[in-house]
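Close look at the chain arrangement
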Amino acid sequence: MSALDWISRKSVDITALNTPSVVRTALDALKLKQDGTAAAENTVNRKRTVFSNCLRYAVERELLATLPLDKVDWTPPETDDEIDFRFVPGPKLAKALIDAVGEQGARSRHLMAFFGCLYYAANRPGEAANLREEDFTLPEERWGEVLLSTSTPRVGSGWTDTGESFDTRGLKKRARKATRPVPIPPSSCAWSASTSRSSVPLKMAGCSARPRAAACCPRSTGRLGRRLDSQC
């Protein structure tokens, strides 16, 4: 009840949002973190989207006559999507890191396949977790392809219907049964073929029929330099 009391004291009446100055105060607050320092540009834009969705829902429920954001001349900060290559491993370093993962223990070949798919095929972790050998086309000399069809993100057991810590879904921002072909370079084809021949299928959890991929996912990528097999 104390939390509800705090929310009641700190919240304004929904009709106050018809006043542009109140909306501007809320938007300006999105620019700051709890300690008063400036928030990152992407954080501000993400919070503005959430705020906008709340206002749109209020309009839908007829609690507001119009969308208040249209009354305020407020521009969200620009984001810089340019990649800083000082912090991105190049092909040589990436190969060395993936090879090092493959020497860490009993689960190392699974993890090597997992991180290799992330780097060479630009898979999301949840997409790579569901891959099997039959999802790959691996010619010897030319470009190959990996066909993505599902994603198994780790979301926590409290947020799934099955009680498992992961959930099987369609690909992000696509229809439920949509697939996405991803080209992979010749060097990756040779690496993938070698990995699949090592008796470790290109599914992070092994060859079990059930989607236990997330069970083998490292709990923190910061542990890569440690004994990965003991973290799975």
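For clarity, every value in this text was computed on a predicted model and none was experimentally measured.

1. Re the overall build of the protein
The secondary structure content of the protein amounts to seven helices and three strands. Ordered by position in the sequence, the α and β elements of the protein form the string α-α-α-α-α-α-β-β-β-α. For the protein, buried positions account for 32% of its 232 residues. Residue pairs in contact within the protein that sit at least 24 positions apart in sequence constitute 55% of those at least 6 positions apart. Within the structure as shown, the protein displays about 15200 Å² of accessible surface, and the carbon and sulfur contribution to it stands at 52%.

2. Thoughts on the pattern of salt bridges
The full count for this structure, using the stated rule, is four salt bridges. In this structure, the salt-bridge partner of Arg180 is Glu127, at a minimum N-O distance of 2.8 Å. Residue Arg180 is found in strand S3 (residues 180-184), and its partner Glu127 is found in helix H6 (residues 125-128); the two are separated by 53 residues along the sequence. Residue Arg180 shares its accessibility class with Glu127, and that shared class is buried.

3. Some points on the layout of surface pockets
The computed volume of the largest pocket comes to approximately 550 Å³. Looking at the largest pocket, it is lined by 14 residues, and the ones nearest its centre are Lys10, Ser11, Ala26, Ala29 and Phe51. Elements with a minimum of two residues in the lining of the largest pocket: helix H1 (2-10), helix H2 (20-29) and helix H3 (41-60). Element by element, the count of residues in the lining of the largest pocket is highest for H2, at four residues. Grouping the amino acids of the lining of the largest pocket by side-chain chemistry returns 10 nonpolar, two polar and two charged. Estimated volume of the second largest pocket: approximately 390 Å³. Elements represented by at least two residues in the lining of the second largest pocket include exactly helix H4 (91-101) and helix H5 (108-120). Top element by residues in the lining of the second largest pocket is H4. It accounts for five residues. Classifying every residue of the lining of the second largest pocket gives 11 nonpolar, one polar and no charged.

4. Points about the packing of aromatic side chains
Tallied over the full model, the rule gives two aromatic pairs. Taking 5.0 Å as the distance between ring centres and 75 degrees as the angle between the ring planes, the aromatic pair formed by Phe114 and Phe115 counts as edge-to-face. Here Phe114 and Phe115 have matching classes, each one buried.

5. Observations concerning the sheet that holds strand S2 (residues 144-148)
Working definition: the strands of a sheet are paired by backbone hydrogen bonds and lie parallel or antiparallel to each other. On the basis of which strands lie adjacent, the open sheet formed by three strands has the order S1-S2-S3 and antiparallel pairing. Looking at strand neighbours, the two that pair on one side only are strand S1 (136-137) and S3, the edges of this open sheet.

6. A word on the pairing of S3
Only one face of S3 is buried, namely the one carrying Arg180, Val182 and Ile184, since none of Pro181 and Pro183 on the opposite face is buried. Pairing of S2 with S3 involves five bridges; the strand directions are antiparallel. Within S3, the residue paired with Leu148 across the bridge is Arg180.

7. Re the packing of H4 against H5
Relative to each other, H4 and H5 sit at 160 degrees, their axes nearing to 8 Å. When the axes of H4 and H5 are compared, the pair comes out roughly antiparallel. For the pair H4 and H5, the contacting residues are Pro91, Ala94, Lys95, Ile98, Asp99 and Val101 in the first and Ser108, Leu111, Met112, Phe115, Gly116, Tyr119 and Tyr120 in the second.

8. Side note on a negative patch on the surface
Together, Glu41, Asp80, Asp81 and Glu82 give the surface a local cluster of negative charge. Position of Asp80 among the secondary structure elements: in the loop between H3 and H4.

9. Quick look at a nonpolar patch on the surface
Residues Met1, Leu4, Trp6 and Ile7 make up a contiguous nonpolar surface patch of about 490 Å² in total accessible area. Given a relative accessible area of 43%, Ile7 falls into the partly exposed group.

10. Brief notes about H4
Listed as buried for H4 are Ala94, Ile98 and Val101. Considered in projection along H4, the buried side chains sweep an arc of 55 degrees and stay on one side of the axis.

Conventions and cut-offs
- Residues numbered from 1 in each chain as written.
- Predicted model: local features only at pLDDT ≥ 70, side-chain atom pairs only at ≥ 80, totals over all residues.
- Heavy atoms only, no water.
- Helix = DSSP H or I, 4+ residues; strand = E, 2+ residues; numbered from the N terminus.
- Buried < 20%, exposed > 50% of the residue type's maximum accessible area, 1.4 Å probe, protein only.
- Contact = heavy atoms within 4.5 Å.
- Areas by Shrake-Rupley, 256 points an atom, 1.4 Å probe, with all protein chains shown as cover.
- Salt bridge = Lys/Arg side-chain N within 4 Å of Asp/Glu carboxyl O.
- 1 Å grid on protein atoms, 1.4 Å probe; cavity = no way out; pocket = protein on both sides within 12 Å on 5 of 7 lines; lining within 4 Å.
- Points joined across faces, edges and corners; volume = space filled by probe spheres on them.
- Nonpolar A, V, L, I, M, F, W, Y, C, P; charged D, E, K, R; others polar.
- Phe/Tyr/Trp six-rings, centres within 6.5 Å; stacked < 30°, edge-to-face > 60°.
- Pairing = 2+ DSSP bridges.
- Axes fitted to C-alpha atoms, helices over the stretch in contact; angles between N-to-C directions.
- Parallel < 35°, antiparallel > 145°, perpendicular 65-115°, else oblique.
- Patch = residues over 30% accessible without salt bridge, like charges linked within 9 Å, V, L, I, M, F, W, Y side chains within 5 Å.
- Lys, Arg positive; Asp, Glu negative; His and termini not counted.
- Charge placed at Lys NZ, Arg CZ, Asp CG, Glu CD.
- Arc of directions from axis to C-beta.

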